Amino acid sequence: MFDAIQAAPPDAILGLTETFKSDSNPNKVNLTVGVYKDESGATPVLDSVKAAEARLLADETSKGYLPIGGLGEYCDLTQRLYFGDDHEVTTANRAATFQTPGGTGALRVAADFIHQNFPSASIWCSTPTWPNHPKVFKAAGVNVENYPYFDASSHGVNIDGMLAAIKNAPAGDVVCLHACCHNPTGADPSVEQWKQVADAVYERGLLPFLDFAYLGFGDGIESDRSALMEFARPGAELLVASSYSKNFGLYSERVGALSVVTKDADSAKTVASQVKATIRTNYSNPPAHGGSIVQVILSDAELRQQWDGELAAMRERINGMRKLFTQTMASRLPDRDFSFIERQRGMFSYSGLTAEQVDALREKFSIYIVRDGRINVAGINHGNVEPLCDAISSVLAAG
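Residues numbered from 1 in each chain as written. Predicted model: local features only at pLDDT ≥ 70, side-chain atom pairs only at ≥ 80, totals over all residues. Heavy atoms only, no water.

Colleague: Just checking my understanding: could you explain a nonpolar patch on the surface for this structure?
Modeller: A contiguous nonpolar surface patch, about 490 Å² in accessible area, is contributed by M1, F2 and I5. As for its placement among the helices and strands, I5 is situated in the segment before α1 (14–22). (Patch = residues over 30% accessible without salt bridge, like charges linked within 9 Å, V, L, I, M, F, W, Y side chains within 5 Å. Areas by Shrake-Rupley, 256 points an atom, 1.4 Å probe, with all protein chains shown as cover. Salt bridge = Lys/Arg side-chain N within 4 Å of Asp/Glu carboxyl O. Helix = DSSP H or I, 4+ residues; strand = E, 2+ residues; numbered from the N terminus.)

Following this line, the structure appears as structure tokens:
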């Protein structure tokens, strides 16, 4: 039977990583995969994570299964981190949170839940969006539509186009929104624009689905929650997929969560039963180790303070590289404005490079960028920024 199967196309991003690994150029630069890199080019294990793991190893007594919804304290701590200790969503007990295998696991569980309970609903994704969004949703059987998001002329958000599409979407559909640090563009709506989006979503009778993969990587935890706060209105319904891959550096542990916010506590219990049924037929229950690390850190004041500092250091390094890249490009091409790179937030930016220019960077200089021009700013460091900017300047000058 397997003889009839054809090879699937390579992943647009992970496939580039394989090509990068086989490149023999000692000066090669990888700005593709969405993984944080420090100044040395490594993806570090946070000191707070190491301390938490040491405690877990000393105190561990069992490798038994977790409940379907995961670690209860982990889920409670996740709610408080994202919504705040005193927010009405948490105090009214109208949110149900589930530990999932990474943020992608949260997206798939939510997609299955949507398809099973709202089979006629479509989900609207931004143009552009994370390439795996439509793949995950379609794999669950959910129809995917698109709304305008990025304005290439301003390198910012096309708020008018975004609002127009939302206001014309059929009631009962779902809108997928990047809560902060938009992937792949790095362009986020302002606080006032988020209010406009939330007003439009709720007035139209749509269900907002916030993908919150980068909390703390924009301007800080409080600031990065501004979009969520606009949607978390009294009695309002929403979905939130969150991840600890980036802000805890737990990429290989697959640690995420899905929060379903309902109108009241009774509704939360009913919805929770359906989500658990979805999880049971998907992966049964989540892995324990990564979630336990997060639980230890968020429940301990000293470790939480240490993690806050490490998260701030990662954020400041990325924003510092944005500024350095902008300044270096200005010295190479003073007539070309790259200030938008400094204004954008998170690990990614749309560079404005064309597919042909990206190909030239790879073929001539061994600089790897996704063909839509997205760069991982965290891959830039003081050692590669000048040759990177020299190469980009050369390609741009060649037309």
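Colleague: Mind showing me how you'd approach the packing of aromatic side chains here?
Modeller: Each aromatic ring pair is summarised here by two numbers: the centre-to-centre distance and the angle between the ring planes. Evaluation of the coordinates by the stated rule reveals 15 aromatic pairs. Ring centres of Y82 and F212 lie 5.1 Å apart, and the angle between their planes is 70 degrees; this geometry places the pair in the edge-to-face category. Within this pair, whereas Y82 is found in helix α3 (residues 72–83), its partner F212 is found in strand β8 (residues 207–212), the two being separated by 130 residues in sequence. Like F212, Y82 is buried. (Phe/Tyr/Trp six-rings, centres within 6.5 Å; stacked < 30°, edge-to-face > 60°. Buried < 20%, exposed > 50% of the residue type's maximum accessible area, 1.4 Å probe, protein only.)

Colleague: Which parts of the structure should I look at to understand the environment of L361?
Modeller: Among the structural elements, L361 can be located in helix α15 (residues 355–365). On a C-alpha basis, the gap between L361 and C181 in space is 25 Å, while along the polypeptide they are 180 residues apart.

Colleague: Honestly, the environment of T129 in this entry has me stumped. Any pointers?
Modeller: Within the secondary structure, T129 is located in the loop between β3 (122–127) and α6 (132–139). Accessibility expressed as a relative area gives 11% for T129, which makes it buried. Expressed as a C-alpha distance, the spacing of T129 and Y251, which sit 122 residues apart in the sequence, is 20 Å. Dropping the residues within four chain positions of it, T129 is found in contact with P134, H178, N183 and P184. In terms of polar contacts, T129 uses its side chain to reach the side chain of H178, at 2.9 Å. (Contact = heavy atoms within 4.5 Å. Polar contact = N/O pair within 3.5 Å; in protein donor to acceptor, adjacent residues only side chain to side chain.)

Colleague: In this structure, what is going on with the packing of helix α2 (residues 47–59) against helix α12 (residues 289–299)? I would like to understand it.
Modeller: The description of two helices packed together rests on the angle between their axes and the distance between the axes. Direction vectors running N to C along α2 and α12 enclose 105 degrees, while the axes themselves pass 9 Å from each other. In terms of orientation, α2 and α12 fall into the roughly perpendicular class. In contact with S48, V49, A52, E53, R55 and L56 of α2, α12 contributes H289, S292, I293, V296 and I297. Looking at the contact of α2 with α12 residue by residue, the classes come out as six nonpolar, three polar and two charged. (Axes fitted to C-alpha atoms, helices over the stretch in contact; angles between N-to-C directions. Parallel < 35°, antiparallel > 145°, perpendicular 65-115°, else oblique. Nonpolar A, V, L, I, M, F, W, Y, C, P; charged D, E, K, R; others polar.)

Colleague: Honestly, the pairing of β8 in this entry has me stumped. Any pointers?
Modeller: Side-chain positions along a regular strand alternate between the two faces of the sheet. Counting buried residues in β8 gives six out of six residues, a clear majority hidden from the surface. Alternating residues of β8 divide into L207, F209 and D211 and P208, L210 and F212, and every residue in both groups is buried. In the sheet, strand β7 (residues 174–178) pairs with β8 via five bridges, with the strands oriented parallel. Pairing of V175 across the sheet is with P208, part of β8. Crossover β7 to β8 through helix α8 (residues 191–204) is right-handed. Here β8 runs beside strand β9 (residues 238–243); their pairing, made up of four bridges, is parallel. Following the sheet pairing, F209 is matched in β9 by L239. (Pairing = 2+ DSSP bridges. Right-handed = clockwise from strand over helix to strand, strands pointing away.)

Colleague: Looking at this structure, how should I read the sheet that holds strand β4 (residues 143–148)?
Modeller: For sheets, the rule is that strands pair by backbone hydrogen bonds, running either parallel or antiparallel. Read from one edge to the other, the open sheet built from seven strands follows the order β2-β10-β9-β8-β7-β3-β4, with strand pairing classed as mixed. The sheet terminates laterally at β2 (95–101) and β4, the two strands that pair on one side only. Neighbouring strand axes in the sheet, compared pairwise and without regard to direction, differ in orientation by 25 degrees on average. The sheet contact formed by β3 and β4 spans six bridges and is parallel. Pairing of C125 across the sheet is with N146, part of β4.

Colleague: It is not clear to me how the pattern of salt bridges should be interpreted in this structure. Could you clarify?
Modeller: Tallying each qualifying case throughout the model produces 17 salt bridges. One salt bridge in this structure joins R225 and E222, with 2.6 Å as the shortest N-O distance. With a relative accessible area of 9%, R225 lands in the buried category. Salt bridges linked by common partners bring K195, D199, E230 and R233 together as one network.

Colleague: Please clarify how the side chain of N376 should be interpreted in this entry.
Modeller: Take N376: it is sitting in strand β13 (residues 374–376). Look at N376 and you get buried, because its relative accessible area is 2%. A distance of 3.1 Å separates the side chain of N376 from the backbone oxygen of V35, its partner in a polar contact. Once residues within four sequence positions are removed from consideration, N376 is found in contact with L31, T32, V33, G34, V35, M347 and F348.

Nothing here speaks to function; it is geometry throughout.
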